[in-house]
Structures are given as C-alpha cells and as structure tokens.
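Below, each chain spelled out in residue letters.
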Amino acid sequence: MTGSSPRGRIVAAALRLLSEGGQDAVSTRAVSAAAGVQPPTIYRLFGDKDGLLEAIALQGYTDYLESKTAVPPAEDPVQDLRRGWDQHVEMGLANPALYLLMHTRAQTNATPSPALVAAEEILAGRVRRVAEAGRLRVSETLATSLIQATGAGTTLSLITLPDPDPALSEAAREATITAITTDRPLTREPGPIAAAAALRTALPHLTALTNNEKSLMSEWLDRITG
C-alpha cells in the first residue's frame, strides 16, 4: 500500500491518473500537481517518467500479491489454480490501464520486478501442489508457462472487448486446466514416468544435492515425464 510520504503520494497520484486516463495522463506536471509536490521531487525520487512508471507497475504487482495471499489455500490444489486464474482476470478487468502497464513492462524489461518474481513463485507453488497430488499430466515448468500465457492472453483479450463475456475466461480456464491436470492421480501406476514424477515433486526439498545438481536432475526428470 502507498503511504503518506512524498514517494507514496506520488505513486498514489500516478495510479489515480493512470486509472482515469491511461499512460498518457501520467505526465510529470500532472503527477506533481496531484501529489502536491514540485516536479524536481519526482526526478529526485524516480529519475524520470520511465522510473515512475516502473514504480507504478511495482505497486500494482504488490497490491495484486496481497490479494492472492490473503486467502488460505484450498484443500483441492486444482481448485486453487482456478481461484488464482479468476483473481488474475478480475484484477485485469478492474484495473485495465494498470494491467496493460504491468504487462507491457514485464515484456520489455530485461530484469523482472521483485513483485513479478513473487507472483510467479506463488503460481509455481500452486502447480507444485497439483504435482505432489499426482494430478499433473505435464511438467511443472510447462504447466506454469501455459497458465501464464493463456491467463495473460485471455485477460488482454477481455480488456479490449466493449462487453467482455465471463464465459470466455471460464472456457479458457477449463481448457487450460484440462490440458495440464487429471481427475485422478497418475502416479499410482508403476513405471519410470510415475517414479520420475514423484521424484520431481520432491526435488526442491532434497538437501543431499547442490543447486546445480538439482537443476540438472530437474532437466532429466522433465524429459522422462514428457
């Protein structure tokens, strides 16, 4: 959450202007007037407009993370994936200008923001719970990437529609979940694929291997499980 410090007031003002008029409305002059500070204060704290936009995107991710972690995990790990998807889409529809800014900067910045990394870790953790339950039909990496790609694509599509249909999000969500999960555990069947899948879910907790060894084994296990 933004505070009452000059930086906090500037970010809060920029977020309001972004919501009301898009990125073009976030000018140094407009933000300084709305925040009650002199323009040099913005340059001192953020460097330039690009730095201010980065701060807005970071605050957007931070607020989003607070909403994602406020609710305890569901007993059914697949249901957690559905809930996370719905939260993502709802956030985009409620704050389209902010979502577009966040998405654009995530695509153009060489170094992802810490909040984006944390959001990806939350998704990866939810996917891992599905894998640990034996209900993931693809690798964790592929499942996470597929959810990210289809979730973002669906949200961006809905934002551009004059009258977005919630059924579009539900259909895309269920198609994605069907593609990566199963109704019953796969690991009950004996064989190398089941063994590799079980070891893959336990790999992050192994202490006998170095990080480099875990990375190499993860690659091998992903190849075995397809």
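Structure's up top.
Let me begin by describing the structure that accompanies this report. What you are looking at is a predicted structure, and each value in this text was computed from that prediction instead of being measured.

1. Quick notes on the environment of Ala 74
Point 1. Topologically, Ala 74 is positioned in the loop between α4 (49–69) and α5 (77–94).
Point 2. Residue classification places Ala 74 among the buried residues on the basis of a relative accessible area of 17%.
Point 3. Setting aside residues no more than four positions away along its own chain, Ala 74 makes contact with Gln 79, Asp 80, Arg 83 and Arg 129.

2. Some remarks on the nonpolar core
Point 1. Ranked by internal contacts, the top residues of the largest apolar core, which has 32 residues, are Ile 10, Val 26, Val 31, Leu 52 and Ile 56.
Point 2. For this core, the secondary-structure elements that each account for two or more residues are α1 (6–21), α2 (28–35), α3 (39–46), α4, α6 (96–108), α7 (114–132) and α8 (140–160).
Point 3. Ignoring sequence-local partners within four residues, the contact set of Ile 56 consists of Ala 14, Leu 15, Leu 18, Val 26, Leu 98 and Leu 101.
Point 4. Judged by nonpolar contacts, the second largest core, of 16 residues, contains Val 78, Trp 85, Ala 131 and Ala 143.

3. A word on the environment of Thr 160
Point 1. Within the fold, Thr 160 resides in helix α8.
Point 2. What makes Thr 160 exposed here is its relative accessible area of 62%.
Point 3. With 67 residues separating them along the chain, Thr 160 and Leu 93 place their C-alpha atoms 9.8 Å apart.
Point 4. In terms of polar contacts, Thr 160 uses its side chain to reach the backbone carbonyl oxygen of Ser 157, at 2.7 Å.

Conventions adopted
Residues numbered from 1 in each chain as written. Predicted model: local features only at pLDDT ≥ 70, side-chain atom pairs only at ≥ 80, totals over all residues. Heavy atoms only, no water. Helix = DSSP H or I, 4+ residues; strand = E, 2+ residues; numbered from the N terminus. Buried < 20%, exposed > 50% of the residue type's maximum accessible area, 1.4 Å probe, protein only. Contact = heavy atoms within 4.5 Å. Core = buried A, V, L, I, M, F, W, Y, C linked by side-chain atoms within 4.5 Å. Polar contact = N/O pair within 3.5 Å; in protein donor to acceptor, adjacent residues only side chain to side chain.

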